Amino acid sequence: MCSSDLGQLMRGEPIISVENRYRCKDGRYRWLSWTSTPHTDERLIYAVARDITDRKTIEQQMEETLRMRNDFVSFVTHQLRTPLSGIKWMLELAQETSDADEHASYVTDARASADRLIGLVNDLLDASRLESGKLQVALEPVDVKALTDDVLGDLATLVAEKAQTLDVASATDIPRAMLDAQLMRQRSEEHTSE
């Protein structure tokens, strides 16, 4: 109880509820909710404490869950925006050109971005299966350079849309790695697009 609460009680003003955290002898903390009633003529304060540790724990878990949900929504929004922007941009370019080859190229790129969007939705479903323990990891030899180039290719539209440039240098003799290409691609994009 803080000094202002104590002063309020000493003046005879009732305090409906005050919450405090206390450390027990065993080192654990417990939360107590106090309801106090002053009796100034007796120079006493009657107080009833209720243990609200479980409620506080649930509140903290809810706050953490909400934070994680907000982070997840922010991540998903960011990840889905990239291929959607690519589709929109490619279709706008296709609409503006009269050259048949250019038009076909833009439509092909838009289709690739749509496929990437479908892949992201599948990744989200995989994440859901991972949380429930139902995701199977499929390890296979993967060309890491080709995977990186694919991820960067997917981001090219976003880079161009923001009038930026992206240069990547790598060794030519990178050996294949045993990994799950889909999960690795998802993690690579997460870090690359930040």
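Quantities reported herein were computed from a predicted structural model and do not represent experimental measurements. (Residues numbered from 1 in each chain as written. Predicted model: local features only at pLDDT ≥ 70, side-chain atom pairs only at ≥ 80, totals over all residues. Heavy atoms only, no water.)

A. The arrangement of the overall build of the protein chain in detail. Scanning the protein chain from terminus to terminus reveals 5 helices and 5 strands. Sequence-ordered secondary structure for the protein chain, helices as α and strands as β, is α-β-β-β-α-α-β-α-β-α. Out of the 194 residues in the protein chain, the part that is buried amounts to 24%. Considering only residue pairs separated by 6 or more positions, the protein chain has 53% of its internal contacts joining residues 24 or more positions apart. With the model as given, the accessible surface of the protein chain reaches about 13,900 Å², and the carbon-plus-sulfur share is 55%. (Helix = DSSP H or I, 4+ residues; strand = E, 2+ residues; numbered from the N terminus. Buried < 20%, exposed > 50% of the residue type's maximum accessible area, 1.4 Å probe, protein only. Contact = heavy atoms within 4.5 Å. Areas by Shrake-Rupley, 256 points an atom, 1.4 Å probe, with all protein chains shown as cover.)

B. Summary view of helix H4 (residues 144–161). Taking 1.5 Å as the rise per residue, H4 with 18 residues should run 26 Å; its terminal C-alpha atoms sit 26 Å apart, in good agreement. Considering bend angle alone, the principal kink of H4 is centred on Leu155 and spans about 40 degrees. For H4, every residue scored as buried is listed here: Leu147, Val151, Leu152, Leu155, Thr157, Leu158 and Val159. For H4, the capping residue at the N-terminal end is Asp143, with a side-chain oxygen 3.1 Å from the backbone nitrogen of Lys145. Residue Ala163 follows H4 closely and has a positive phi angle near 55 degrees. (Expected span 1.5 Å × (residues − 1). Bend = angle between axes of the 7 residues up to and from the residue. Polar contact = N/O pair within 3.5 Å; in protein donor to acceptor, adjacent residues only side chain to side chain.)

C. Seen up close, the packing of aromatic side chains. In this structure the tally under the stated criterion is 1 aromatic pair. Seen from their ring centres, Tyr22 and Trp34 are 6.3 Å apart, and the 65 degrees between their planes marks the pair as edge-to-face. Here Tyr22, found in strand E1 (residues 15–23), pairs with Trp34, found in strand E2 (residues 29–39); they are 12 residues apart in sequence, far enough to count as distant. Here Tyr22 falls in the partly exposed class, since its relative accessible area comes to 34%. Geometry around Tyr29 places Arg21 over its ring, the cationic atom sitting 3.8 Å from the centre. One cation-aromatic arrangement involves Lys56 over Trp31; the distance from NZ or CZ to the ring centre is 4.5 Å. (Phe/Tyr/Trp six-rings, centres within 6.5 Å; stacked < 30°, edge-to-face > 60°. Lys NZ or Arg CZ within 6 Å of the ring centre and 35° of its normal.)

D. Summary view of the pairing of strand E3 (residues 44–51). Two elements, E2 and E3, share 8 bridges in a ladder whose sense is antiparallel. Bridging across to E3, Trp34 finds its partner in Ala49. (Pairing = 2+ DSSP bridges.)

E. Inspection of the environment of Ile174 at higher detail. In this fold, Ile174 is placed in the loop between H4 and strand E5 (177–179). The partly exposed category is assigned to Ile174, whose relative accessible area is 35%. Once residues within four sequence positions are removed from consideration, Ile174 is found in contact with Val144 and Lys145.

F. Region of interest: helix H2 (residues 53–96). In this model, H2 (44 residues) spans 64 Å end to end at C-alpha, consistent with the 64 Å of a helix rising 1.5 Å per residue. At Arg81, H2 shows its largest kink, close to 25 degrees, and the proline Pro83 lies no more than four residues downstream. Within H2, the full set of buried residues consists of Thr53, Lys56, Val76, Gln79, Thr82, Pro83, Ser85, Gly86, Ile87, Met90 and Ala94.

G. Molecular detail of the packing of H2 against H4. Interaxial distance between H2 and H4 falls to 8 Å at its minimum, and their mutual angle equals 70 degrees. One element, H2, and the other, H4, form an angle in the roughly perpendicular class. Pair H2 / H4 crosses with left-handed handedness. Mapping the contact onto sequence places Thr82, Ser85, Gly86, Trp89 and Met90 in H2 and Asp154, Leu155, Thr157, Leu158, Ala160 and Glu161 in H4. (Axes fitted to C-alpha atoms, helices over the stretch in contact; angles between N-to-C directions. Parallel < 35°, antiparallel > 145°, perpendicular 65-115°, else oblique. Left-handed = near helix turned anticlockwise from the far one by under 90°.)

H. Quick peek at a nonpolar patch on the surface. Together, Val137, Leu139 and Met178 make up an exposed nonpolar region whose accessible area comes to about 330 Å². Assignment of secondary structure puts Met178 in strand E5. (Patch = residues over 30% accessible without salt bridge, like charges linked within 9 Å, V, L, I, M, F, W, Y side chains within 5 Å. Salt bridge = Lys/Arg side-chain N within 4 Å of Asp/Glu carboxyl O.)

I. Fine view of the environment of Met184. As for its position among the elements, Met184 is in helix H5 (residues 181–192). Each C-alpha atom of the pair Met184 and Leu147 lies 8.7 Å from the other, and the pair is 37 residues apart in sequence. Ignoring anything within four residues of it in the chain, the contact list for Met184 reads Leu147 and Leu179.

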